Amino acid sequence: MINKAGLLLLIFLILANSSFSQRSDNNPPEATVAEAKLSFKDIPYLKKAFITTTPTHRKDGIPVGKLGVNGGNKEAILKLAQEIADNKYGNFDSFLITHKKKLIFESYYLRGRINLPHPQASATKAYTSLALGRAIQLGYLTIADLDKPLISFLKDLDPTKFVEGVEKITLHQALTMRSGIAISKDKRKELEENPSLIRGQKHVQVFLEHTAPITVDSQTFKYKDDPRLVMQVIDAVVPGSAKDFIKNELLNKMNITNYHWLTDVSGLPRSGSGSSMTSREMVKWGILATNKGKWNGEQLIPEAFITKATSRILYTGDDNVYGGGKDVSKQGYGYYWWSANLKYNDKSYFVISAQGGGGQYIILINELDLMIVVTAHYNDNSTLQIIAEKVLPAFIK
């Protein structure tokens, strides 16, 4: 005999197995050659979501396991996946979970494809931060250099034309969005219409010539151009170009080959947005951060830098938490990595995340050895609140 609860669970699992995936061979959807040439916004929606609790080992450096066997409440996560497939939470493209260093859940929806780089928007900032960390690991900078004036690393500037106070901008402040630089809309438009004026370090020169004066009061958290300053420092201190350095010393090290990274007006890699990564490549960035800068046993980034980058250096306020809700609080910021507390029952869990507009997330909950990767293409999301309500209970005993 089977009781009512057991019967309902059986029916749910039957429905799940019949509707979640369009493939019985456990192969995630892949973009065709023709689709890969399209703009992301022109990628056709999947007719059915693909959802698996047993991700396939693809020899990409990501260990895999099984949801339920290697942790997590299988029924709870499958229920959430069905809700995502039903478009209850907006336009998700992928949703992946890693627990105890193993990828145990993988799903794709709408424009999600396992082999298609997804626009990262501002999650690119987190990658820029780690690129600077790689330069420190290789000795082109030191941890102590973070507190030095940013202009001390840029030798092609003309300090006689600087606005008052720009010498107060440290690398640390630029990494925490507190440079204080403020350019008028008119000046910004003028510069964008004359790209020859902002090639290379000229980009920084015009910022420092035309910003409002830099004062203690102006050096507060403002989500603006600071990543461009950091990318300029990377380009100035490493041998060769920042583009080649990031490719050879970071991406290639993690076997990240299927990506796009656009070029800024300065000629340098874009730093505040502009990269595209597959969902599994996003998992690799998360692994690098959770492993305190190590990849396959090699220290790519100093542990001390990772600790700073992913710490809550400052509070940014709870008035407008991206992806937040009633159980998300104490929003903070490190070196282009966000942080918050997620509440479940009477306990709060410290969460670190790379975030990108449209709904891109690499969410790290180190206390639970848990990572969630999300890609989407909409702005009005509640992803962090969903994690608090739906995912935390599935991994808390």
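Residues numbered from 1 in each chain as written. Predicted model: local features only at pLDDT ≥ 70, side-chain atom pairs only at ≥ 80, totals over all residues. Heavy atoms only, no water.

Participant: Now, about the environment of Asn252: what can you tell me, with residues and values included?
Facilitator: Considering the arrangement of structural elements, one finds Asn252 in the loop between α9 (242-251) and β5 (259-261). For Asn252, a relative accessible area of 37% gives the class partly exposed. Separated by 96 residues in the primary sequence, Asn252 and Asp156 have C-alpha atoms spaced 30 Å apart. (Helix = DSSP H or I, 4+ residues; strand = E, 2+ residues; numbered from the N terminus. Buried < 20%, exposed > 50% of the residue type's maximum accessible area, 1.4 Å probe, protein only.)

Participant: Residues and numbers for the nonpolar core, please.
Facilitator: Leu132, Leu171, Ile234, Trp285, Trp337 and Ile362 are the most contacted members of the largest nonpolar core, which has 75 residues in total. Considering every element that reaches this core, the biggest residue donor is helix α4 (residues 123-137), with eight residues. Contacts of Ile362, omitting those with residues within four sequence positions, involve Tyr127, Met282, Trp285, Gly286, Trp337, Ile352, Ser353, Ala354, Met371, Ile372 and Val373. With 39 residues, the next largest nonpolar core counts Leu78, Tyr361, Ala376 and Ile386 among its residues. (Core = buried A, V, L, I, M, F, W, Y, C linked by side-chain atoms within 4.5 Å. Contact = heavy atoms within 4.5 Å.)

Participant: Which residues make up the sheet that holds strand β6 (residues 275-277), and what values go with them?
Facilitator: Spatially, the three strands line up as an open sheet ordered β4-β6-β5, and their pairing is antiparallel. Because the sheet does not close on itself, it has two edges, and the strands there are β4 (118-119) and β5. With two bridges joining them, β4 and β6 adopt antiparallel strand pairing. Its bridge partner being in β6, His118 is matched across the sheet by Met277. (Pairing = 2+ DSSP bridges.)

Participant: Got a sec to walk through unusual backbone geometry? Specific residues and values, please.
Facilitator: Phi is positive for Asn345, which is not a glycine, with a value near 55°. Mapped onto the elements, Asn345 comes out in the loop between β11 (338-344) and β12 (347-356). We classify Asn345 as exposed; its relative accessible area is 55%. A positive phi is found at Asp369, a non-glycine position, where the angle reads about 50°.

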